[in-house]
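If you want the building blocks of each chain, they are given just below.
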Amino acid sequence: GLALIPDGRPGAGGTILLLQKWVHDATAWESLTDAEQERVMGRTKTDSVELDDKPADSHVASTDQERFGDIFRRNMPYGTVTDHGTMFVGFAATQKPLADMLESMAGLVNGKRDALTRFTTPLTDAYYFVPSNDALHRVGYDVGRQILDGVELSPDLSPAEFASFYATVINRIAYASLEAPRI
C-alpha cells in the first residue's frame, strides 16, 4: 500500500503515523460566508469539489499530495458544542511527506500560511512508527493480531465508519499494551 514502508527497508510493512488534535474556533469560522469558507478550504461546501481557481493559501493547495507524496489521511471530529475540533491521522511510508505537508501549512514552503490555520489550532501532534503485524509476531507476542483481528480499513470509509474503526483500533492498542510483555 501507499502508506507502508517497502520491503527491503528498515521497518518494512510498517508505517509512519502522524497524530494531531486540532481545536476549532467555530465562532470565527461561522462568521464567514459560504464563499469565504470555500476559498479557505479550496473546495465547494455543498459537494466538496476542488475549486478551479483555489487560492494559493487554501487548505487544499497547502496539503496537495501531488507535491508531497502519498499520505493516507483521515480527520474525525471530537468534542462538545463548546469545545470541539478534529483528530487527524496521516500514514505514510516515510516521515518526509508528512513533515513537508506541515511545513507547507505553516507557510515555510511558499510564505503562504494555510488559511485554515486561522480558524483551527493544533493542540498536540506526534509521529509514531507503527510496526507491521509480522514484526510484532517476531518479538514474541501477538499484539498485532489482538489489535487488528477482524478490522478492515477501506479508503472509502464514511465518517461514522472511520470513527468506529479508529475507536476499535485505539481501544485494542490500549488493551494490548496492558497485556503485552515488556521488551
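Keep in mind it's a predicted model, so treat the numbers as computed, not measured.

### Let's talk about the packing of aromatic side chains
Per the stated rule, a full pass over the model turns up 2 aromatic pairs. Note on Phe72 and Phe91: the rings are 6.3 Å apart at their centroids and 40 degrees apart in plane angle, and the pair reads as tilted. In this pair, Phe72 sits in strand 2 (residues 72-79) while Phe91 sits in strand 3 (residues 84-92), placing the two residues 19 residues apart along the sequence. Across the pair, exposure class does not vary: Phe72 and Phe91 are buried alike. It is Lys21 that lies over the ring of Tyr78; its NZ or CZ is 4.8 Å from the centre.

### So, the sheet that holds strand 1 (residues 15-24)
The 4 strands are arranged 2-3-1-4 in an open sheet whose pairing can be described as antiparallel. Two strands in the sheet have a free side with no partner beyond their single neighbour: strand 2 and strand 4 (120-130). Taken pair by pair, the neighbouring strands of this sheet meet at an average axis angle of 15 degrees, ignoring direction. Two strands pair when backbone bridges link them, and strand 2 and strand 3 are joined in this way by 8 bridges, in the antiparallel orientation. By the bridge assignment for strand 3, Arg74 is matched with Val89. Strands in contact with helix 5 (residues 96-105) are strand 1, strand 2, strand 3 and strand 4; relative to strand 1, the strand with the most contacts, it is inclined by about 25 degrees.

### Side note on the pattern of salt bridges
One pass over the structure, following the stated rule, counts 4 salt bridges. Salt-bridge contacts for Lys45 lead to Asp34; the nearest nitrogen and oxygen are separated by 3.3 Å. Residue Lys45 is located in the loop between helix 2 (34-41) and helix 3 (59-62), and its partner Asp34 is located in helix 2; the two are separated by 11 residues in the primary sequence. Judged by its relative accessible area of 46%, Asp34 is partly exposed.

### Some details on unusual backbone geometry
Backbone geometry at Ser48 places phi at a positive 60 degrees, although glycine is not the residue there. In this fold, Ser48 is placed in the loop between helix 2 and helix 3. Residue classification places Ser48 among the partly exposed residues on the basis of a relative accessible area of 41%.

Cut-offs applied
- Residues numbered from 1 in each chain as written.
- Predicted model: local features only at pLDDT ≥ 70, side-chain atom pairs only at ≥ 80, totals over all residues.
- Heavy atoms only, no water.
- Phe/Tyr/Trp six-rings, centres within 6.5 Å; stacked < 30°, edge-to-face > 60°.
- Helix = DSSP H or I, 4+ residues; strand = E, 2+ residues; numbered from the N terminus.
- Buried < 20%, exposed > 50% of the residue type's maximum accessible area, 1.4 Å probe, protein only.
- Lys NZ or Arg CZ within 6 Å of the ring centre and 35° of its normal.
- Pairing = 2+ DSSP bridges.
- Axes fitted to C-alpha atoms, helices over the stretch in contact; angles between N-to-C directions.
- Contact = heavy atoms within 4.5 Å.
- Salt bridge = Lys/Arg side-chain N within 4 Å of Asp/Glu carboxyl O.

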